[in-house]
Amino acid sequence: MRLLEFESKAILKKYQISTPRGRVFTSPQELSIDSPVVLKAQIPIGGRGKKGGVLEASTTEDARTKMEQLFSRNLGGYRPKKILVEERVDVAQEFFMGIVYDALAKAPVVIFSRDGGVDIEELVLRKPEKVSRGRFSVRSGLHQYRAREIVSDTGISGKQLLGISAILSRLANIFLDFDATLAEINPLVLTGDGQFMALDCHLEIDDDALVRHKDLMEIEKDMDRVESERSMTEFERKAAEIDALDHRGVAGRVIEFNGSLGLIIGGGGASLTAFDAVKAHGGKPANYCEIGGNPSVLKVKELTKLIVSRPNVKKIAVIMNVVSNTRVDLMARGVVKGILEAGKVPAETVAIFRVPGAWEEEGFKILSKYGVPYCDRSVSIDEAARMAVENSSI
Amino acid sequence: MGEFIKVEINFSRCTGIKGCGGCVRVCPVNIFVENGSNPAVILENEDECTLCNLCVGACVHDAITIRRLYEE
């Protein structure tokens, strides 16, 4: 879940990181200013300034006009429903700090640059001496001394070093406390009067950890938060509700298409591979979805029922890579039960069941009993997709 | 009721929650529940059974049987 700028800044303030004075508006009529301001569209995408989502104004009339412009703009597929109006800050110097999770090192990594602003990715290539990196442990957090080492590696010293490293250390606390996958302040600025301030902030929270942050979960449910060009379909909304039934595994992330072959496919790369393979063999998917992490029988059952109940769905293909933590027998139970509860016949509804791996002997016994066509790991995902397309046209 | 799994408690052997209650404590998928002084099976959860057999091992009086209906 990506937090909007004002939501992220509210968290920064709780951790004593200064941000410009500002307020969120939902209509221009309430706006009245007595000093220059910056109007910022609250949308969950990067590069907002370049897309025309950040405007400046000096008078109330000018600010209202520009706010109306922002409300009516389509910015990268989003139409803002909230505008953050902030005091214009006198910037003397800009910095960048970000924390992401390094999956290879299995630790968060800090990236700090003594130059902030847009196009930070290019700066890393052009002037690598201005950028430093360092990892820290999720158990001990980012100690002050380590934060200072990372910042001083870019040549910053004295009072600036102490001020910036203190903010970096607090950002690391936010990263850990909120189960973030990304925490970024860009730019962190030094104002004309010598104060450090976060002008923009980007926080992304691990979706699977939202259960630990009830307040953020409520924010995510707020339908008035953002308006995207393509809103969730009823089918996708129901699938998301199924995925939220319990914490075990994933059985959701559904995207609706208008084909006739329903897909229950393994998460991550395997689901994309299976989806592409079905398309490559001339199949017309009715949906994309992701299954993984050993979902409960209940979740698989409900998702299967939802997919096979769509009027345009004639058959479904259940395709996953070789599974280790997901159990084949539990998948088989869920799929068969979902089809039965939808009032259909498993043998006639499943085009192919290709989920090899843990507990496959038990799973194959279930599929055999109901006459469901299945195959093991000797059949590739691509071959299984071909069989699914072939069987679904019978 | 389970489509694939049937979990049965033999109450002529079961000594109840006070006497044992092991099944309710160990089941990782909450198939058992306290029903007064006895354990009971939540029928709609039966198919969540992972066949871990922890309940069978915890039951000192061998009162629990797990049947795989798809093998019958």
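The structure reproduced in this document is the subject of the present report. Sequence order as written defines the numbering, with residues in each chain counted from 1. As they are written, the chains are lettered A onward and the ligands numbered 1 onward, keeping that order. Only residues with pLDDT of at least 70 get local features here, since the model is predicted, and only at 80 or more are side-chain atom pairs given and counted; chain-wide, interface and lining totals rely on the full set of residues.

Under the DSSP-based scheme used, a helix requires at least four consecutive residues in state H or I and a strand at least two consecutive residues in state E, with every element numbered from the N terminus. When helices and strands are tallied, chain B shows three helices and four strands. Secondary structure elements of chain B, listed N to C terminal, follow the sequence β-α-α-β-β-α-β. Here chain B, with 72 residues, has 28% of them falling under the buried criterion. By the convention adopted here, residues make contact when the C-beta atoms placed from their backbones lie within 7 Å. Sequence separation of 24 or more characterises 60% of the internal contacts of chain B that already satisfy a separation of 6 or more. In this scheme the burial state of a residue depends on its C-beta neighbours within 10 Å: 20 or more other such atoms mean buried, 12 or fewer mean exposed, and anything in between means partly exposed; the C-beta positions come from the backbone.

Counting its regular elements, chain A contains 13 helices and 17 strands. Per-residue burial over chain A gives 40% buried out of 394 residues. Across chain A, contacts joining residues at least 24 apart in sequence account for 71% of those joining residues at least 6 apart.

A few words now on the interface of chain A and chain B. Opposite the nine residues of chain A that make contact, chain B presents six residues. Contributing elements (two or more residues each) for the side of chain A that touches chain B: α9 (297–308), α10 (328–341) and α12 (360–369) of chain A. Class assignment for the residues of the side of chain A that touches chain B results in four nonpolar, one polar and four charged. Under the grouping applied here, Gly and all other residues not named as nonpolar or charged are polar, the nonpolar ones being Ala, Val, Leu, Ile, Met, Phe, Trp, Tyr, Cys and Pro and the charged ones Asp, Glu, Lys and Arg.

Here we come to unusual backbone geometry. Here N186(A) and P187(A) are connected by a cis peptide whose omega angle stands at 5 degrees. Mapped onto the fold, P187(A) is located in strand β9 (residues 180–191). Despite not being glycine, Q16(A) shows a phi value in the positive range, around 55 degrees. Of note, Q16(A) is situated in the loop between α1 (5–14) and β1 (22–25). For L51(B), which is not a glycine, the phi torsion comes out positive at approximately 60 degrees. Mapped onto the fold, L51(B) is located in the loop between β3 (38–41) and α3 (54–58).

What follows deals with the packing of helix α4 (residues 144–152) of chain A against helix α5 (residues 158–177) of chain A. Residue and element names in this part refer to chain A. Only the contacting stretch of a helix is used when fitting its axis, a line to C-alpha atoms as for every element, and angles between N-to-C directions run 0 to 180 degrees. Where α4 contacts α5, the two axes come as close as 8 Å, and the packing angle between them is 120 degrees. As far as their axial angle goes, α5 and α4 are oblique. Between α4 and α5 the crossing geometry is right-handed. Here Q144, A147, R148, I150, V151 and S152 of α4 lie close against α5, whose contacting residues are L161, I164, S165, L168 and S169. When its residues are assigned to classes, the contact of α4 with α5 shows six nonpolar, four polar and one charged. Any angle that falls under 35 degrees is termed roughly parallel, while one over 145 is termed roughly antiparallel, one within 65 to 115 roughly perpendicular, and all others oblique. Note on convention: near helix rotated counterclockwise from far helix by under a right angle means a left-handed crossing. Clockwise means right-handed.

Right, let's get into the packing of helix α8 (residues 269–280) of chain A against helix α13 (residues 381–392) of chain A. Geometry of a packed helix pair, given as the angle between the helix axes and the separation of the axes. Residue and element names in this part refer to chain A. Direction vectors running N to C along α8 and α13 enclose 45 degrees, while the axes themselves pass 8 Å from each other. In terms of their interaxial angle, α8 and α13 are classed as oblique. When you trace α8 past α13, the crossing you get is right-handed. Along the contact surface, α8 presents A270, T273, A274, A277 and V278, while α13 presents I381, D382, A385, A388 and V389. Grouping the constituent residues of the contact of α8 with α13 by class yields eight nonpolar, one polar and one charged.

We now examine the sheet that holds strand β2 (residues 37–41) of chain A. Hydrogen bonds between backbone groups are what pair the strands of a sheet, and the pairing can be parallel or antiparallel. Residues and elements named next belong to chain A. Pairing in this open sheet of four strands is antiparallel, and the strands run β1-β5-β2-β3 from one edge to the other. Unpaired on one side and paired on the other, β1 and β3 (54–57) mark the two borders of the sheet. Between one strand axis and the next, the sheet turns by 25 degrees as a mean value, whatever way the strands run. For two strands to count as paired, DSSP must find a minimum of two bridges between them. Inspection of the sheet shows β2 paired to β3 by four bridges, in the antiparallel sense.

Our focus in this paragraph is the sheet that holds strand β16 (residues 315–319) of chain A. Residue and element names in this part refer to chain A. Spatially, β14-β16-β17 is the arrangement adopted by the three strands of the open sheet, whose pairing is parallel. Every other strand in the sheet has two partners, leaving β14 (261–265) and β17 (350–354) as the edge strands with one partner each. Adjacent strand axes in the sheet meet at a mean angle of 15 degrees, parallel and antiparallel pairs treated alike. Of the strand pairs in this sheet, β16 and β17 are connected by four bridges, and their pairing is parallel.

Once that is clear, we can look at the environment of G266(A). All names here are of chain A. Here G266 lies in the loop between β14 and α8. Exposure remark for G266: the 27 C-beta atoms within 10 Å place this residue in the buried category. Remark: the alpha-carbon pair of G266 and I319, spanning 53 residues in sequence, is separated by 6.4 Å. Discounting residues that sit within four places of it in the chain, G266 has contacts with S271, A274, I291, G292, I319, M320 and N321.

Mapped onto the secondary structure, K365(A) falls in helix α12. Judged by the 15 C-beta atoms lying within 10 Å of it, K365(A) is partly exposed. Each residue touching K365(A), except ones within four places of it in the same chain, is listed here: Y70(B) and E71(B).

So, about α4(A). Residue and element names in this part refer to chain A. Buried residues of α4: R146, A147, I150 and V151, and no others. Looking down the long axis of α4, one finds its buried residues gathered within 135 degrees of arc, a one-sided arrangement. The exposed set on the far side of α4, more than 90 degrees from its buried face, consists of Q144 and Y145. The directions from the helix axis to the C-beta atoms are what the arc is built from.

Distances and angles like these do not, on their own, reveal function.
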